[in-house]
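Chain residues, written in single-letter form:
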Amino acid sequence: MSRAETPTAVPAAREPRALWSLGLLRSELLTTFRRWRTLALLGVLAAVPVLVGIAVKIETSDGSTASGGGPAFISQVTNNGLFLVFTALAATLPFFLPMAIGVVAGDAIAGEANAGTLRYLLVAPAGRTRLLLTKYAAVLAFCLAATLVVAVSALAVGALLFPLGEVTTISGTRISFAEGLGRALLIALVVAASLIGVAALGLFVSTLTGSGIAAMATTVGLLITVQILDQIPQLHALQPYFFSHYWLSFADLLREPVYWDELLRNLGLQALYAAVFGSAAWARFTAKDVTA
């Protein structure tokens, strides 16, 4: 083959690989979101704002305002249904959302091994690195989908049960409903980004075992343990390094001006967890002896 023919051969080799990667990702996304378990998790997440909204509506049916106890922003829901979005995200973020992510991430590799399909997925041209990245991308897609399901469900319920209008920020200033809606979307994106560390942790645990149930249980157990440790005052020196410590910092997006310090710490911490546990998952998976 002459040198003049060589440049045309390289793109021809790369194009099928790129198409294969996109096809693999598309297949993984379809598989993930078609599972009954995934749909059940999304259904539970969508139900949380409904239950919160109905509870607040019943409590305030006599004209009183919602009590200050419970999730953040719940006392403002009666005056503005948009606050149900913030309340629902604050209620689901400590447990429901990370638990759902932990179940999906924990099952990503271990579930395939348990079903006996992992070996076939590793047949060329897939490769272990590409498969692991595809699995992680699918889990991140679920993070975004799960968060948006909570936000959209809360917005719909809030609009049906309560009035909508200008939003009073934590700082006491008022912003238009359109701007409040934009901040609600930004908060949902921040909440989804707050879960990328959990996704990487679950994926790493998933590479350690061939049992999907064991991986899911271990991931959820670690989530609960970390959140318990985050509430113990004697561990205050370590708590800023727990992935859940800054989760509720999204509330700073409802200040005027926005407080960015803890928001940026949260996103930086999630990126660190994603890098550490993502690298650990890659190191484990590429060296793993796959027999199933």
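Preceding this section is the structure that the text describes.
All values reported here derive from a predicted model rather than from experimental measurement.

## Here's the deal with the overall build of the protein
So, point 1. Along the backbone of the protein there are 10 helices and 2 strands.
So, point 2. Its helices and strands taken in sequence order, the protein reads α-α-α-α-α-α-β-β-α-α-α-α from the N to the C terminus.
So, point 3. Burial statistics for the protein: of 292 residues in total, 41% are counted as buried.
So, point 4. Considering only intrachain contacts with a sequence separation of at least 6, the fraction spanning at least 24 residues in the protein is 75%.
So, point 5. Accessible area of the protein: about 14200 Å², with a carbon and sulfur share of 67%.

## Considering the packing of helix α2 (residues 36-59) against helix α4 (residues 96-115)
So, point 1. Where α2 meets α4, the axes come as close as 10 Å, and the angle between the chain directions of the two elements is 175 degrees. When the interaxial angle is binned, α2 and α4 end up roughly antiparallel. Residues R37, L41, L45 and V48 of α2 form the contact with α4, whose own contacting residues are F96, L97, A100, V103, V104 and D107.
So, point 2. A breakdown of the residues in the contact of α2 with α4 according to their chemical character gives 8 nonpolar, no polar and 2 charged.

## Some thoughts on the packing of aromatic side chains
So, point 1. Throughout the structure, instances matching the rule amount to 9 aromatic pairs.
So, point 2. A ring pair is formed by F243 and W247, whose centres lie 5.8 Å apart and whose planes are at 45 degrees; its orientation type is tilted.
So, point 3. Judged by its relative accessible area of 3%, W247 is buried.
So, point 4. Relative to F277, the ring of Y273 lies with its centre 5.9 Å away and its plane at 15 degrees, an arrangement referred to as stacked. Of the two residues, Y273 and F277 are both situated in helix α10 (residues 261-287); the distance of 4 residues between them amounts to about one turn of the helix.
So, point 5. On the basis of relative accessible area, Y273 is assigned to the buried category, the value being 16%.

## Things to note about the environment of L195
So, point 1. With respect to the helices and strands, the residue L195 is situated in the loop between α7 (177-193) and α8 (196-206).
So, point 2. Residue L195 is classed as buried on the basis of its relative accessible area, which comes to 0%.
So, point 3. Distance from L195 to L267, taken between C-alpha atoms, is 9.6 Å for residues 72 residues apart in sequence.

## Some points on the side chain of K135
So, point 1. When you line up the elements, K135 lands in helix α6 (residues 128-161).
So, point 2. Of the residues examined, K135 reaches a relative accessible area of 1% and is grouped as buried.
So, point 3. Contact partners of K135, with chain neighbours within four places excluded, come to E28, A108, I109, E112 and L203.

## What about the nonpolar core?
So, point 1. Grouped together as the largest cluster of nonpolar side chains are 74 residues, with contacts concentrated most on F86 and F250.
So, point 2. Those elements that place two or more of their residues in this core are α2, α3 (83-92), α4, α6, α7, α8, α9 (212-229) and α10.
So, point 3. Counting residues per element, this core draws most heavily on α6, which supplies 11 residues.
So, point 4. Ignoring sequence-local partners within four residues, the contact set of F86 consists of F73, G180, A184, I187, F250 and L254.

## Topic: a nonpolar patch on the surface
So, point 1. Side chains of L144, L148, V152, L185, L186, L189, W260, L264 and L267 sit close together on the surface and give an oily, nonpolar patch of about 790 Å² of accessible area.
So, point 2. The set of elements that each furnish at least two residues to the nonpolar patch consists of α6, α7 and α10.
So, point 3. If you trace the backbone, L185 turns up in helix α7.
So, point 4. On the basis of relative accessible area, L185 is assigned to the partly exposed category, the value being 49%.

## Overview of empty space enclosed by the protein
So, point 1. Enumeration over the complete set of coordinates arrives at 2 cavities of 30 Å³ or more.
So, point 2. Of the volumes computed, that of the largest cavity is approximately 80 Å³.
So, point 3. Considering the residues around the largest cavity, the lining is formed by E28, T32, R35, R37, T38, V104, D107, A108, K135, A138 and V139.
So, point 4. Classifying every residue of the lining of the largest cavity by side-chain character gives 4 nonpolar, 2 polar and 5 charged.
So, point 5. As for the second largest cavity, its lining consists of P94, F95, P98, M99, V220, L223, I224 and Q227.

## A word on unusual backbone geometry
So, point 1. Cis geometry is adopted by the peptide bond preceding P257, which originates at E256 and carries an omega value of 5 degrees.
So, point 2. Within the secondary structure layout, P257 lies in the loop between α9 and α10.

Here is what the cut-offs are and how they apply
Along each chain, numbering runs from 1 in the same order as the chain's sequence is written. Since the coordinates come from a predicted model, pLDDT governs what is reported: local features require at least 70, and pairs of side-chain atoms require 80 or more to be given and counted, while whole-chain, interface and lining totals use all residues. Each side-chain value is worked out from all heavy atoms of the structure, with water and hydrogens disregarded. Only runs of H or I of at least four residues qualify as helices and only runs of E of at least two qualify as strands under DSSP, and these elements are numbered from the N terminus. Remark: exposure states derive from per-residue accessible area (1.4 Å probe, protein chains only) relative to the maximum for the residue type, with buried under 20%, exposed over 50%, and partly exposed in between. We call two residues contacting when some pair of their heavy atoms lies within 4.5 Å. Note on areas: Shrake-Rupley, 1.4 Å probe, and residue coverage restricted to the protein chains presented here. Note on method: axes are straight lines fitted to C-alpha atoms, helices fitted across the in-contact stretch only, with angles between N-to-C directions ranging 0 to 180 degrees. In this scheme, roughly parallel covers angles under 35 degrees and roughly antiparallel covers those over 145, while 65 to 115 is roughly perpendicular and the rest are oblique. Nonpolar residues are Ala, Val, Leu, Ile, Met, Phe, Trp, Tyr, Cys and Pro. Charged residues are Asp, Glu, Lys and Arg, and all others, Gly as well, are polar. When the centres of two rings from Phe, Tyr and Trp lie within 6.5 Å, Trp using its six-membered ring, the rings pair. Their planes under 30 degrees apart give stacked, over 60 give edge-to-face, and anything left gives tilted. The set of buried Ala, Val, Leu, Ile, Met, Phe, Trp, Tyr and Cys residues whose side-chain atoms join them within 4.5 Å is what this entry labels a nonpolar core. Only residues whose relative accessible area exceeds 30% and that form no salt bridge enter a patch; like-charged residues are grouped when within 9 Å of one another, and nonpolar side chains (Val, Leu, Ile, Met, Phe, Trp, Tyr) when within 5 Å. What counts as a salt bridge is simple: a side-chain nitrogen of Lys or Arg found within 4 Å of a carboxyl oxygen of Asp or Glu. With a 1 Å grid laid over protein atoms only, a set of points is called a cavity when a 1.4 Å probe fits there but cannot get out and a pocket when it is open yet has protein on both sides within 12 Å along at least five of seven lines; lining residues have an atom within 4 Å of a point. Grid points are joined across faces, edges and corners, and a volume is the space filled by probe spheres set on the points.

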